[in-house]
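Residue-level structure breakdown
This is what each chain is made of:
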Amino acid sequence: MNTNRLDGERVLIALGGNAMTAPDGSATPAAQAAAVAAAMEHVADLVAAGAQVALAHGNGPQVGNLLIKNQLAAHVVPPVPLDWCGAQTQATIGVLIMNALDRALAARGVSRPVATVVTRTLVDAADRGFTDPVKPVGRYFPAAEAERFMAIGQSWKSFGERGWRRVVASPDPLEILDADAAQVLLAAGHIVVAAGGGGVPVVRADGAFAGVEAVVDKDLAAQLLARRLGAGTLVIATDVEHVMVGFGTPRARPLHRTTAAELRTLAAAGHFAGGSMGPKVEALLRFMAGGGRRAAITSLDRITDAVEGKAGTIIEREE
């Protein structure tokens, strides 16, 4: 491998849920460790090619597991708030990433320190998501169980035969509060893991910060972090190599090299689902509007190719 072809390129990789769980969605400790180890092989290739790398990641299954523990053990120990769950999973996944990436780098003869920053993300207390929560979290429960938690102020929604799920706010991220710490570490030569799960959502209250019951979209937070870190490239790693136009129809086609204008037009036409590809596309658009040089959505095994502009759905700044 050419070890310096990306020398000095500052890149943020946003790892999707497929990098954190088994292919069948299993989130057992062994399955999570194996999935993270496999993901870090690809990240290590990117580091070995000379890139300065920061990582963000999802945490949906992990937070879901903690919420189930909350609910099942509520009669024994007090449930912890959602922002605590986000902080806990940032730290847990961060340690898994650090250990796995240390091993993968050592196997390539590369010595690079890895650090995790448990990160807060500022949101607006007046964001409409708080009055109309729509983001499902946790698993499905029968109506009687949902009613028990609605009685203590939680919002739940029926999903028909599948049961009821808790729904929470997903406010727009305004600022990555701990980006400066990540910046210092990155400048000192560390690979940095930050804004995991979108970061712990906080609002300003009485001159200080307070956690709130919400989840922040990790891709929207990742593009904000990438801009604060001065990354030239943002890659959103998911389980498909390209964004699909006309997904689920006979006219479906992969989108390769594109423009911000084309993506906006396709998004406005409803080609990207709000709960899946929509936020990823929006993250690319925001990153490029904020001064990014290249942004891509692709599969985990093609992240180095995407950084080089050779794979995925790609937007590049016109010189």
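None of the values given here were measured: they were computed from a predicted structure. (Residues numbered from 1 in each chain as written. Predicted model: local features only at pLDDT ≥ 70, side-chain atom pairs only at ≥ 80, totals over all residues. Heavy atoms only, no water.)

1. Remarks on the nonpolar core
- Ranked by internal contacts, the top residues of the largest apolar core, which has 45 residues, are Leu12, Leu225 and Leu263.
- Among the elements that line this core, the one with the most residues is helix α8 (residues 277–289), at seven residues.
- With sequence-adjacent residues up to four places away left out, Leu263 is seen in contact with Leu255, Thr258, Phe272, Val281, Leu284, Leu285 and Ile315.
- The next biggest cluster of nonpolar side chains, apart from the first, holds 34 residues, and it includes Val11, Val43, Val47 and Ile191. (Core = buried A, V, L, I, M, F, W, Y, C linked by side-chain atoms within 4.5 Å. Buried < 20%, exposed > 50% of the residue type's maximum accessible area, 1.4 Å probe, protein only. Helix = DSSP H or I, 4+ residues; strand = E, 2+ residues; numbered from the N terminus. Contact = heavy atoms within 4.5 Å.)

2. Describing the sheet that holds strand β5 (residues 135–141)
- If you trace the three strands from one edge of the open sheet to the other, you get β5-β7-β6, paired in antiparallel fashion. Looking at strand neighbours, the two that pair on one side only are β5 and β6 (156–158), the edges of this open sheet. The sheet shows a mean angle of 35 degrees between the axes of neighbouring strands, taken without regard to direction.
- Pairing of β6 with strand β7 (residues 164–168) involves three bridges; the strand directions are antiparallel. The residue bridging Ser158 from the neighbouring strand is Trp164, located in β7. (Pairing = 2+ DSSP bridges. Axes fitted to C-alpha atoms, helices over the stretch in contact; angles between N-to-C directions.)

3. Observations concerning the packing of helix α2 (residues 60–72) against helix α3 (residues 82–107)
- Orientation of α2 relative to α3, taken along the N-to-C sense of each, is 130 degrees, at an axis distance of 9 Å. With respect to α3, the element α2 is oriented oblique. Seen from above, α2 lies across α3 with right-handed handedness. Seen from α2, the contacting residues are Gln62, Val63, Leu66, Leu67 and Asn70; seen from α3, they are Leu82, Cys85, Gly86, Gln88, Thr89 and Ile93.
- Among the residues making up the contact of α2 with α3, the classes are represented as six nonpolar, five polar and no charged. (Parallel < 35°, antiparallel > 145°, perpendicular 65-115°, else oblique. Left-handed = near helix turned anticlockwise from the far one by under 90°. Nonpolar A, V, L, I, M, F, W, Y, C, P; charged D, E, K, R; others polar.)

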